[in-house]
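Structural description and commentary
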Amino acid sequence: MTRTRRVAFTVNGRPVQAELEPRTSLADFVRESERLTGTNLGCEHGVCGACTLEIDGAPARSCITLAAACEGAHVRTIEAFDDDPVMEKLREAFSAEHALQCGYCTPGMLMTARDIVLRLPGADEARIRLELSGNLCRCTGYMGIVRAIQRVLKAP
Amino acid sequence: MKPARFEYERPQDVPAALSLLKNEARILAGGQSLGPMLNLRIVQPPLVVDVRSIPELRGFSEDPETVTLGACTTHAAIEDGRVPDPSRGLMRHVASNIAYRAVRNRGTIGGSLAHADPAADWPSALALLGGVAIIQNPEGKREIALERFVTGLFSTALADDDLLVALRLNKLSEKARWGYWKFCRKAGEFPQAIAGALHDPERGVTRAVIGALRGAPHVIADARHCDPAAEAARLCADPYERQLHAVALRRALAQAHLA
């Protein structure tokens with residue numbers, strides 16, 4: 001039996017302390033211990049992007065990040081973005097452009113979309129598609145998602 | 001959770017990290033390759049040593065001839081120009097096309113090099129650029145030329161008690177030109193073929209590299225008169241792989257004005 005490890009970091013601005021097995025992924029921790037189930041797990045090896053959340057202000061894959069490795073970090077899941085102005089625009093645009101169907105990829109898509117809007121304000125369609133290549137959607141295809149991001153980028 | 005059980009340590013300095021490197025411990029420098037391998041149970045180490053919070057591995061420095069990057073410099077930091085670029089854009093180009101941004105935010109240049117996946121970019125790109133890997137073990141520090149660092153498929157010059165601390169990279173001159181081409185079936189996927197070329201007349205460099213082979217990257221010391229088809233034929237038995245590598249090399253050479 002391996003030892004558990006004490007970890008302290010913040011989740012959505014709230015300090016959390018946990019005693020966990022080192023092999024616990026950040027995704028499992030936020031879903032099962034923090035009951036923040038907006039973060040979805042798809043492939044669980046860093047390919048599909050469904051579990052993308054924010055660590056210290058930058059998007060990251062929570063399925064291949066150990067919770068123990070987040071000591072001192074600031075983690076934000078999709079639940080933290082209710083009042084975020086960019087995310088508000090993206091939610092409206094995703095709805096208007098039919099950028100989601102089943103919704104499974106959507107939290108990760110929104111995380112990546114927000115990163116595109118903030119980091120690459122001049123992104124054209126080709127660049128948006130390149131940046132989205134790490135997030136897989138199996139329902140709508142990508143046309144609506146790309147259009148939704150374009151809509152937000154074009155909005156004043 | 002998917003990995004087999006392991007212990008986790010987070011040393012704060014190099015000596016503490018070195019004291020933990022025994023009994024098949026695995027080093028976590030970003031976890032973007034180790035994470036999936038743990039989840040798939042391809043590796044089941046008794047101990048994971050997370051070296052990301054060691055300040056020495058995260059810094060950078062610069063002198064007139066070289067730039068030294070800590071091994072835990074992320075691909076995104078290189079992509080964004082948050083660290084000095086010795087390569088006149090080659091490293092930023094390479095970094096910005098590794099996997100996806102969420103991966104580049106955590107994946108590190110030293111981790112990728114030490115992992116030595118033949119289809120990863122840094123083993124080929126760093127062999128092309130030239131410089132040294134700075135390695136530390138309990139006996140002290142040593143350096144090894146980057147073109148000799150990767151020795152084969154997932155194999156490097158690192159011994160079990162070695163830690164890759166930093167990379168000291170040669171600065172290219174103003175007249176240098178480089179080319180870098182890779183074939184990926186999908187953006188961000190591991191490439192099926194990599195080729196790079198570097199022409200730095202002031203430093204007498206006319207080097208090329210072929211990567212994403214079934215072993216270490218292949219360095220062509222003088223690529224001025226090389227025949228891409230013949231080079232690829234020597235390295236790849238499969239006709240499809242041969243063609244991809246030949247075309248990648250031809251394009252990289254053309255970009256560097258070496259063809």
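Computed from a prediction, not measured in an experiment: that's the story for all the values here.

With respect to the overall build of chain B
When you go through chain B residue by residue, the secondary structure sums to nine helices and 14 strands. Across its three principal directions, the C-alpha atoms of chain B cover 50 × 45 × 30 Å. Evaluated residue by residue, chain B yields a buried proportion of 51% over its 259 residues. Expressed as a percentage of contacts within chain B between residues at least 6 apart in sequence, the contacts between residues at least 24 apart total 61%.

Observations regarding the pairing of strand 6 (residues 131-137) of chain B
Residue and element names in this part refer to chain B. Relative to strand 10 (residues 163-170), strand 6 runs antiparallel, the two sharing six bridges. For V132, the partnering residue across the bridge sits in strand 10 and is R168. For strand 6 and strand 7 (residues 140-145), the ladder comprises six bridges, and the chain directions are antiparallel. Within the sheet, the bridge partner assigned to Q136 lies in strand 7 and is K141. The turn joining strand 6 and strand 7, which pair antiparallel and follow one another in sequence, is formed by two residues.

What to know about the packing of helix 2 (residues 85-96) of chain A against helix 5 (residues 143-154) of chain A
Residue and element names in this part refer to chain A. The contact between helix 2 and helix 5 brings their axes to 8 Å, and the two run at 135°. Here helix 2 is positioned oblique relative to helix 5, judged by the angle of their axes. As helix 2 packs across helix 5, the resulting crossing turns out to be right-handed. The segment helix 2 lies against helix 5, with K89, L90, A93 and F94 engaging A148, R151 and V152. Residues belonging to the contact of helix 2 with helix 5 are distributed by class as follows: five nonpolar, no polar and two charged.

Thoughts on the sheet that holds strand 4 (residues 60-62) of chain B
Residue and element names in this part refer to chain B. If you walk across this open sheet you meet the five strands as 4-5-10-6-7, and the pairing is antiparallel. Two strands in the sheet have a free side with no partner beyond their single neighbour: strand 4 and strand 7. Strand-to-strand twist of the sheet, defined as the mean angle between neighbouring strand axes without regard to direction, takes the value 20°.

Some remarks on the interface of chain B and chain A
Each side of the interface is counted separately: chain B has 27 residues, and chain A has 30 residues. Among the secondary structure elements, those contributing two or more residues to the side of chain B that touches chain A are strand 1 (7-9), helix 2 (34-39), strand 3 (47-50) and helix 5 (101-104) of chain B. When grouped by side-chain class, the residues that make up the side of chain B that touches chain A number 13 nonpolar, six polar and eight charged.

As for the domain arrangement of chain A
Residues and elements named next belong to chain A. The domain architecture assigned to chain A consists of domain 1 (5-80) and domain 2 (82-154). Distance between the C-alpha centres of domain 1 and domain 2: 22 Å. The partner domain 2 presents 11 residues to the 12 residues of domain 1 that form the contact. It is strand 3 (residues 52-55) that provides the largest number of residues to the side of domain 1 that touches domain 2, a total of three residues.

Looking at the environment of G107 of chain B
For G107 of chain B, the position within the fold is in the loop between helix 5 and helix 6 (109-115). As a C-alpha pair, G107 of chain B and G211 of chain B span 104 residues in sequence and 20 Å in three-dimensional space.

Here we look at the environment of C70 of chain A
All names here are of chain A. Topologically, C70 is positioned in the loop between strand 4 (58-61) and strand 5 (74-76). Separated by 10 residues in sequence, C70 and A60 place their C-alpha atoms 11 Å apart. Beyond its immediate chain neighbours, meaning those up to four positions away, C70 contacts V7, F9, L26, I55, T65 and V75.

Focus on the domain arrangement of chain B
Residue and element names in this part refer to chain B. Here chain B is described as being made up of domain 1 (7-49), domain 2 (57-170) and domain 3 (179-255). Between the C-alpha centres of domain 2 and domain 3 there is a distance of 19 Å. At the interface, 19 residues of domain 2 touch 17 residues of domain 3. When residues of the side of domain 2 that touches domain 3 are traced back to their parent elements, those giving at least two are helix 4 (90-96), helix 7 (121-129) and strand 8 (150-152).

Looking at helix 7 of chain B
Residue and element names in this part refer to chain B. With nine of its nine residues buried, helix 7 lies for the most part within the structure. Buried residues of helix 7: D121, W122, P123, S124, A125, L126, A127, L128 and L129, and no others. Among the residues trailing helix 7, G130 stands out with phi positive, at a value near 85°.

Quick word on the sheet that holds strand 1 (residues 5-11) of chain A
Residue and element names in this part refer to chain A. Read from one edge to the other, the open sheet built from five strands follows the order 2-1-5-3-4, with strand pairing classed as mixed. Each of the sheet's edge strands pairs with one partner strand only, and the pair in question is strand 2 (14-20) and strand 4. The mean angle between the axes of side-by-side strands here comes to 40°, regardless of whether they run parallel or antiparallel. Here seven bridges tie strand 1 to strand 2, and the two strands are oriented antiparallel to one another. Paired with R5 across the two strands is L20, which belongs to strand 2. Lying over the sheet, helix 3 (residues 106-119) contacts strand 3 and strand 4, oriented at roughly 50° with respect to strand 3.

Rules behind the numbers
Within every chain, residues take consecutive numbers counted from 1 along the sequence as written. Just so you know, chain letters begin at A and ligand numbers begin at 1, following the order they were written in. In view of the model being predicted, local features appear only for residues whose pLDDT reaches at least 70, and side-chain atom pairs are presented and counted only at 80 or more, with totals across whole chains, interfaces and linings using the full set of residues. Helical segments are the DSSP runs of H or I of at least four residues, strand segments are the runs of E of at least two, and each set is numbered from the N terminus. With C-beta atoms placed from the backbone, a residue is labelled by how many other C-beta atoms lie within 10 Å of its own: buried for 20 or more, exposed for 12 or fewer, partly exposed between the two. Here, residue contact means that the backbone-derived C-beta atoms of the two residues sit within 7 Å. At least two bridges found by DSSP between two strands is the condition for calling them paired. To obtain an axis, a line is fitted to C-alpha atoms, over the contacting stretch when the element is a helix, and the angle between two such axes runs from 0 to 180 degrees between their N-to-C directions. To sort the angles, those under 35 degrees are grouped as roughly parallel, those over 145 as roughly antiparallel, those from 65 to 115 as roughly perpendicular, and the leftovers as oblique. In this scheme the crossing of two helices becomes right-handed for a clockwise turn of the near helix relative to the far one and left-handed for an anticlockwise turn of less than a right angle. Under the convention adopted here, Pro, Cys and the residues Ala, Val, Leu, Ile, Met, Phe, Trp and Tyr are nonpolar, Asp, Glu, Lys and Arg are charged, and Gly plus all remaining residues are polar. Delimitation of the domains relies on an automatic or database domain assignment.

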